[in-house]
Structure formats: C-alpha cells, structure tokens
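If you want the building blocks of each chain, they are given just below.
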Amino acid sequence: MKAVRLYDALDLRVEDIERPGLPQAGYVTIDVRAAGICGSDLHNYRTGQWISRRPSTAGHEFCGRVSAVGEGVEGLAVGDLVTVDSRFYCGQCEACKSGRTNVCEHLGFVGEICDGGFAEKAELPARLVFKHDPSLDPAVAAMAEPLAVALHAVRRLNPPRGEAIILIGCGTIGGLCGLLLSHLHDGKLLFADLNGRRAEMVAGICTGSAVALDKSQARAALGDARLRYAVDATGSTKAIAQGIDLLDGGGAFALVGISHGKLDLDPNILVEREISLIGCHAFESELADAIALLPKLQPSLLQFSEVLNSLDEIPDAYRRLIDGRTNKLKTIIRIAD
Ligand SMILES: [Zn+2]
Ligand SMILES: [Zn+2]
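One numbering rule holds for all chains: residues counted from 1, following each sequence as written. As they are written, the chains are lettered A onward and the ligands numbered 1 onward, keeping that order. Totals for whole chains, interfaces and linings use all residues, but because this is a predicted model, local features are given only for residues with pLDDT of at least 70 and pairs of side-chain atoms are given and counted only at 80 or more. The side-chain quantities take in all heavy atoms of the structure and omit both hydrogens and water.

Novice: Looking at this structure, I do not really get the pairing of strand E12 (residues 189–192). What am I missing?
Specialist: The side chains of a regular strand alternate, residue by residue, between the two faces of the sheet. Type-normalised accessible area, obtained with a 1.4 Å probe on protein chains alone, sets the label of each residue: buried when under 20%, exposed when over 50%, and partly exposed for intermediate values. Strands here mean DSSP runs of E at least two residues long; helices mean DSSP runs of H or I at least four residues long; both are numbered from the N terminus. Taking every second residue as pointing to the same face, both faces of E12 are buried, with Leu189 and Phe191 on one and Leu190 and Ala192 on the other. A crossover links strand E11 (residues 164–168) with its parallel partner E12, the connecting element being helix H5 (residues 172–184), and its sense is right-handed. Two strands make a pair as long as DSSP finds a minimum of two bridges between them. Where E12 and strand E13 (residues 209–210) come together, two bridges link them in parallel fashion. Bridging across to E13, Phe191 finds its partner in Ala210. If you view a crossover with the strands going away from you and the path from the first strand over the helix to the second runs clockwise, you call it right-handed. As a crossover connection, the stretch from E12 through helix H6 (residues 196–205) into E13 is right-handed.

Here it is, written out as structure tokens:
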C-alpha cells in the first residue's frame, strides 16, 4: 500500500509498503478516507523535533472505514465510519487516572509514536477510534481532531456572555476557535493575522471583523464594548505581548500556539489588570463533542479547506504550506471513498 513516511528532518518519502496484517488484540484497522496536514506535521518535518522512530507514517488528523477488528474490541465493527484521537496517552499514569489525558506523563502523538494516517490503511487502539455521522463529507470528518483542540481552548477561555474576543492568528486553530465562538458565543469577534486577506476571509465566515493588533483599530471595531478576552493561536511572542497590551482589565488570554523564544513580560500588567493567562494543550474529553458539532459546521469547514486527491501530493504540499503559499486554513487529502 502507499504511505507517506518521515525518515528524518526534511526527508519525507512516498513509498509502497506492506499492508498491516490482522490487527492485534484491542486494535482496529482503518481504510483511510481522508487526512489533514497539521502545523505540527510541518514543524516535525522542518525540525525533526518529535521524531522518535524512523521511518514513521505521518499524519494524525484522519478518518476512515473500519476494515478489521482485533480480539476484545467492543463497540466497533467492520464498515463503521470513524475518526480518530491523535493523543496516544498511556491511561495508567496519575495524569491519565485523574482524567487529564492531554497532559499524560507519557503522551505521544499518532504519526510519531506509531504509524499515522497518510497511508491507505492505519492500525490504532480501539480507544482512539470514534464513530461519526455517516453522512459527513470525509474531508470534514478528518477535521474532528483540530476542532477538538479549538473547543478545548474555547472552553478553557470560558468567556462570559456578550464579551468581545480577539482571535490572534487565523490559521487552522485560530479559525476553528472563531468558528466555534460564532456558533456558541454571542459577543463580537475580532480577527488579526499578519496575512490581512486571510483575516478578512476568516472574519467573513465567522461574522466578525478583521483588525490589526492595534488598540485604536480594536476600539473602532468594538464601539463602546471593552476587549477583555483573547486567544493566541500564533505562538509568536511578539503577537502575545501585543495581545496582552490590547486587553482591558478583568478577563483572560488563552494560549494555544506553540511558541519559539521567550516572552518579555511585566507581570504587573497581569496583576494590575487582573488578566489570567491560560495554557491550552491538545484536548481532554472534547473529541466526542467536536464530532457531534461537525454536521452543523460542515459548510464552513469546507470553505476553510483545500482538498488534494492523492497521497503523492503530500511532499509538495508540505513545501508549499511551509512557504505560506495557501489562502486556506486546512489542506486535506482524499484517499478513498
Ligand atoms: Zn493536528
Ligand atoms: Zn498517562
């Protein structure tokens, strides 16, 4: 079967490899229907930072059809349409036992710790596999995982009714946070991105306003309303510092981007304006809720994404995305029906 495997930093190959045999006990085999490219796939390709086995079939955002079921698996059958959890948590450590599977002491991710979804077939523990509405477009079902990441960040931010929120960074997670808030929240939404066209596009889909990270622009967009809540999905320390500066007192700032570098921060700003900084990592139990939201969000999610039709296109797509040559938020590869 065809698979796209990462051998080392900057060494990604499309290969013909042996199909997986019958799944081991507790595992299922999935015929992959669609898979999405994540910013963390690109980061790992560029830096090799999370490579723990060589080669590894990349991809942790995917959906498919169950084609074989191992011994002892309950609740899944051949033919089920499913989407997957990317978090390969241990289930045994203190964090897992207390329900905090996203900060598992041995946490790894599908595609790194085990083979992922950029292949015709994938084999995963049944506990990471969830059925979805069979009428969903596979390109949408493949977005359950990043939607769960966004849902976790939105729930951690927990803005009270009516509060305005600025979304900093209009990539996948920033855009999905905006989309969720446009359905689940009633306050005004502002969108900032270095790529102004992208901010306009996302603001259009999420019925918000595109602004620069600038107090006068934010004020002009909000009228009398105050800006107390923000989400950073860039990981840029400069954007985070500018975002903190924008906030009026008494709110919170959720950080969901992976940063490079250190923040030069005067903690008095947080104290005097009583701003909570909230770190958000992957998701806990939000995947089932994200899957339930997919049918309603399907039209917007399709507008957010571009769709490629072959695994062969992935290495070129990586290079194009790293160079920023896309106006879409998510690149999905259709693999089978
Ligand atoms: Zn991802
Ligand atoms: Zn654990």
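Don't stop here, the text continues.
Novice: Whenever I open this one, the nonpolar core confuses me. Can you help?
Specialist: The nonpolar side chains of soluble globular proteins are, as a tendency, buried together. Joining through side-chain atoms within 4.5 Å is the link that ties buried Ala, Val, Leu, Ile, Met, Phe, Trp, Tyr and Cys residues into a set, and such a set is a nonpolar core. Within the largest apolar cluster, 51 residues are counted, with the highest numbers of intra-cluster contacts made by Leu147, Leu167, Leu179, Leu180, Phe191, Leu301 and Phe304. The biggest single contributor to this core is helix H4 (residues 144–157), with nine residues. Each domain's limits were defined by an automated method or a database of domain assignments. When residues are assigned to domains, this core turns out to be shared by domain 1 (2–146 + 283–334) and domain 2 (150–279), each giving three or more. Between two residues, a contact is recorded if the distance between any of their heavy atoms is within 4.5 Å. When sequence neighbours within four positions are dropped, the list of residues in contact with Phe191 reads Leu167, Cys170, Gly178, Ala199, Val202, Ala203, Cys206, Gly208, Ser209, Ala210 and Val211. Formed by 40 residues, the second largest nonpolar core is a distinct cluster that contains Ile30, Phe62, Leu308 and Leu311.

Novice: How do you make sense of the domain arrangement of the protein when you look at a structure like this?
Specialist: Put simply, an interface is often sized by how much accessible area is lost when its parts join up. When cut into domains, the protein gives domain 1 (2–146 + 283–334) and domain 2 (150–279). If you average the C-alpha positions of domain 1 and of domain 2, the two centres end up 28 Å apart. When two components associate, each loses some accessible surface as probed by a 1.4 Å sphere; the sum of these losses over both components is called the buried area. Taking both partners together, domain 1 and domain 2 bury about 1800 Å²; carbon and sulfur atoms supply 67% of that area. When residues of domain 1 are sorted by the area they lose upon contact with domain 2, Pro146, Phe304 and Leu329 head the list and together hold 31% of the total. We define a salt bridge as a side-chain nitrogen of Lys or Arg found within 4 Å of a carboxyl oxygen belonging to Asp or Glu. Here domain 1 is connected to domain 2 by one salt bridge. Note that Asp289 is salt-bridged to Arg155, the shortest N-O span being 3.0 Å.

Novice: So what exactly am I meant to see when it comes to the packing of H5 against helix H10 (residues 287–304) here?
Specialist: Each pair of packed helices gets described by two things: the angle between the helix axes and the distance between those axes. The contact between H5 and H10 brings their axes to 11 Å, and the two run at 135°. With respect to their mutual orientation, H5 and H10 come out oblique. Crossing of H5 against H10: the hand is right-handed. Contact residues: Gly175, Leu176, Leu179, Leu180 and His183 in H5; Leu293, Lys296, Leu297, Ser300, Leu301 and Phe304 in H10. Split into classes, the residues belonging to the contact of H5 with H10 amount to seven nonpolar, three polar and one charged. Lines are fitted to the C-alpha atoms to define the axes, a helix being fitted only along its stretch in contact, and any angle between axes, read from their N-to-C directions, falls within 0 to 180 degrees. Put simply, angles under 35 degrees are roughly parallel, angles over 145 are roughly antiparallel, angles from 65 to 115 are roughly perpendicular, and the rest are oblique. Take the far helix as your reference; a near helix turned counterclockwise from it by less than a right angle gives a left-handed crossing, and one turned clockwise gives a right-handed crossing. Any residue outside Ala, Val, Leu, Ile, Met, Phe, Trp, Tyr, Cys, Pro, Asp, Glu, Lys and Arg is labelled polar, Gly included; the first ten of those are nonpolar and the last four are charged.

Novice: Would you explain the coordination of the zinc ion (ligand 2) in this entry?
Specialist: Put simply, a metal with four donors set out as a tetrahedron has ideal angles of 109.5 degrees, and one with six donors set out as an octahedron has ideal angles of 90 or 180 degrees. Excluding water, the donors of a metal are its N, O and S neighbours within 2.8 Å, or within 3.2 Å for Na, K and Ca, and that exclusion means sites may look incomplete. Bound to the zinc ion (ligand 2) on the protein side are Cys90 (SG), Cys93 (SG), Cys96 (SG) and Cys104 (SG), at distances that span 2.3 to 2.4 Å. Only four donors with every angle between 85 and 135 degrees are called tetrahedral; only four or six donors with opposite donors over 155 degrees apart and all others between 65 and 115 are called square planar or octahedral, in that order; all others are irregular. The site at the zinc ion (ligand 2) holds four donor atoms, and with the angles between them running 104 to 118°, its shape is tetrahedral. When the donors of the zinc ion (ligand 2) are listed by position in the chain, the intervening gaps give C-x2-C-x2-C-x7-C. The partly exposed category is assigned to Cys90, whose relative accessible area is 25%. Overall, the relative accessible area of 7% leaves Cys93 in the buried class.

Novice: Got a minute to help me understand helix H8 (residues 237–246) in this structure?
Specialist: An α-helix turns once per 3.6 residues; consequently, residues spaced three or four apart project the same way. Within H8, the full set of buried residues consists of Ala239, Ile240, Gly243, Ile244 and Leu246. Take H8 and look down its axis: the buried residues cluster within an arc of 155°, on one side only. The directions considered for the arc are those from the helix axis to the C-beta atoms.

Novice: Please explain the pairing of strand E14 (residues 227–232) as it appears in this structure.
Specialist: Of all six residues in E14, five are buried, a share of seventy percent or more. The sheet contact formed by E11 and E14 spans five bridges and is parallel. Looking at E14, one finds that Ile168 is bridged to Asp232. Judged from the four bridges that link them, E14 and strand E15 (residues 252–255) form a sheet pairing that is parallel. The residue bridging Val231 from the neighbouring strand is Ala254, located in E15. Running through H8, the crossover from E14 to the neighbouring parallel element E15 is right-handed.

Novice: How should helix H11 (residues 314–322) be read in this particular structure?
Specialist: For H11, the complete set of buried residues consists of Ile314, Pro315, Ala317, Tyr318, Arg320 and Leu321. The elements touched by buried residues of H11 are strand E1 (2–8), strand E2 (11–16), strand E3 (27–37), helix H1 (39–47), strand E17 (305–308) and strand E18 (330–334). Just downstream of H11, Gly324 is the residue with a positive phi angle, here 75°.

Novice: How should the packing of aromatic side chains be read in this particular structure?
Specialist: Pairing of aromatic rings covers Phe, Tyr and Trp, the last counted by its six-membered ring, and requires centre-to-centre distances within 6.5 Å; plane angles under 30 degrees mean stacked, over 60 mean edge-to-face, and any other angle means tilted. This model, assessed by the stated rule, comprises one aromatic pair. Measuring from centroid to centroid gives 5.2 Å for Tyr45 and Tyr318, while their planes differ by 85°, and the two rings are edge-to-face. With Tyr45 in helix H1 and Tyr318 in helix H11, the pair connects residues that are 273 residues apart, well separated along the chain. Per residue, the accessibility class of Tyr45 equals that of Tyr318, and both read buried. Seen from the ring of Phe88, Arg127 lies directly overhead, with NZ or CZ sitting 5.7 Å from the centre. In this scheme, Lys NZ or Arg CZ marks a charge over a ring once it lies within 6 Å of the ring centre and within 35 degrees of the ring normal. Positioned above the aromatic ring of Tyr89, the side-chain terminus of Arg127 is 4.7 Å from the ring centre.

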